[in-house]
Amino acid sequence: MSRASRLWARTGAALALTWPLLACGGSGAATCLGWVEDDQGAQHSPEEGTADRERAQRLACNGYCRDADPGYDAMYQVWRDSPAGDPSVTKAEAIFRDEALMRYVTETCADRCLSEIASGARRGGVDCEDGR
């Protein structure tokens, strides 16, 4: 399967999963928004929440990894300057262009981020509001 086909498949799957929530306005359940503090003290959190606390924290870690993780920044710079890369693509867009970047952000870095939060080595948390 080509890289473009995988990208379209992922996009289609994501839309299929989120469309019912967008169309129906959600379930009335609590909306949880995770946050992660980077090494400079800035907080990173996604723009939208989810009903699942664990998912909310993972989404916040994904955002931290994409925006502030030095390891992802280094990988992005290497990719950007490589023949497969594109200097006009942002760090946020690059994860959808390269499977290794996506895996690093959503698995390697996010798992480390979650572990650091659980151990107290990194500040993070989840805030939930009742959706009823």
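Up top is the structure these notes are about.
Residues numbered from 1 in each chain as written. Predicted model: local features only at pLDDT ≥ 70, side-chain atom pairs only at ≥ 80, totals over all residues. Heavy atoms only, no water.

(A) Geometry of the overall build of the protein. In terms of regular secondary structure, the protein is built from 5 helices and 3 strands. Scanning the protein from its N terminus toward the C terminus, one meets helices and strands in the order α-β-β-α-α-α-α-β. In the protein, which comprises 132 residues, the proportion classed as buried is 27%. (Helix = DSSP H or I, 4+ residues; strand = E, 2+ residues; numbered from the N terminus. Buried < 20%, exposed > 50% of the residue type's maximum accessible area, 1.4 Å probe, protein only.)

(B) Quick peek at the state of the cysteines. Considering all chains together, one arrives at 3 disulfides under this definition. Here Cys 32 engages in a disulfide with Cys 128; their sulfurs sit 2.0 Å apart. One quick way to see it: the torsion about the S-S bond of Cys 32 and Cys 128 is about 105°, and its sign makes the bridge right-handed. In this pair, Cys 32 sits in strand β1 (residues 31-37) while Cys 128 sits in strand β3 (residues 124-129), placing the two residues 96 residues apart along the sequence. Under the relative-accessibility criterion, Cys 32 is labelled buried at 2%. Assessed through its relative accessible area of 33%, Cys 128 is described here as partly exposed. Cys 65 shares a disulfide with Cys 109; S-S distance 2.1 Å. Because the torsion about its S-S bond is -90°, the bridge between Cys 65 and Cys 109 counts as left-handed. With Cys 65 in helix α2 (residues 53-68) and Cys 109 in helix α5 (residues 99-119), this pair connects stretches of sequence that are 44 residues apart. Judged by its relative accessible area of 0%, Cys 65 is buried. (Disulfide = S-S within 2.5 Å.)

(C) Quick look at the sheet that holds strand β2 (residues 43-44). Overall, antiparallel pairing links the 3 strands, which are arranged β2-β1-β3 in an open sheet. Among the strands making up the open sheet, the edge pair consists of β2 and β3. By the bridge criterion, 2 bridges tie β1 to β2 in an arrangement that is antiparallel. Counterpart to Glu 37 in the pairing with β2 is Gln 43. Along the sheet, α2 makes contact with β1, β2 and β3, crossing β1 at roughly 35°. (Pairing = 2+ DSSP bridges. Contact = heavy atoms within 4.5 Å. Axes fitted to C-alpha atoms, helices over the stretch in contact; angles between N-to-C directions.)

(D) Inspection of the pairing of β1 at higher detail. For β1, a buried count of 5 out of 7 residues is recorded, marking the element as mostly surrounded by other parts of the structure. Counted between consecutive antiparallel strands, the loop separating β1 from β2 contains 5 residues, among which Gly 41 sits at a positive phi close to 95°.

(E) The arrangement of the side chain of Asn 62 in detail. Within the secondary structure layout, Asn 62 lies in helix α2. On the basis of relative accessibility, which here comes to 14%, the residue Asn 62 falls in the buried class. The residues contacting Asn 62, other than those within four sequence positions of it, are Val 105, Thr 106 and Ala 110.

(F) How the structure looks around the pattern of salt bridges. What the rule picks out here adds up to 10 salt bridges. Where Arg 66 meets Asp 67, a salt bridge forms, and the shortest distance between an N and an O atom there is 3.1 Å. Assessed through its relative accessible area of 26%, Arg 66 is described here as partly exposed. The exposure class assigned to Asp 67 is partly exposed, which follows from its relative accessible area of 42%. The salt bridge partner of Arg 112 is Asp 69, with a shortest N-O separation of 2.7 Å. Separated by 43 residues along the polypeptide, Arg 112 in helix α5 and Asp 69 in the loop between α2 and α3 (70-81) bring together distant segments of the chain. Three or more residues are tied together by salt bridges with common partners; here these are Asp 39, Asp 69, Arg 112, Glu 116 and Arg 122. (Salt bridge = Lys/Arg side-chain N within 4 Å of Asp/Glu carboxyl O.)

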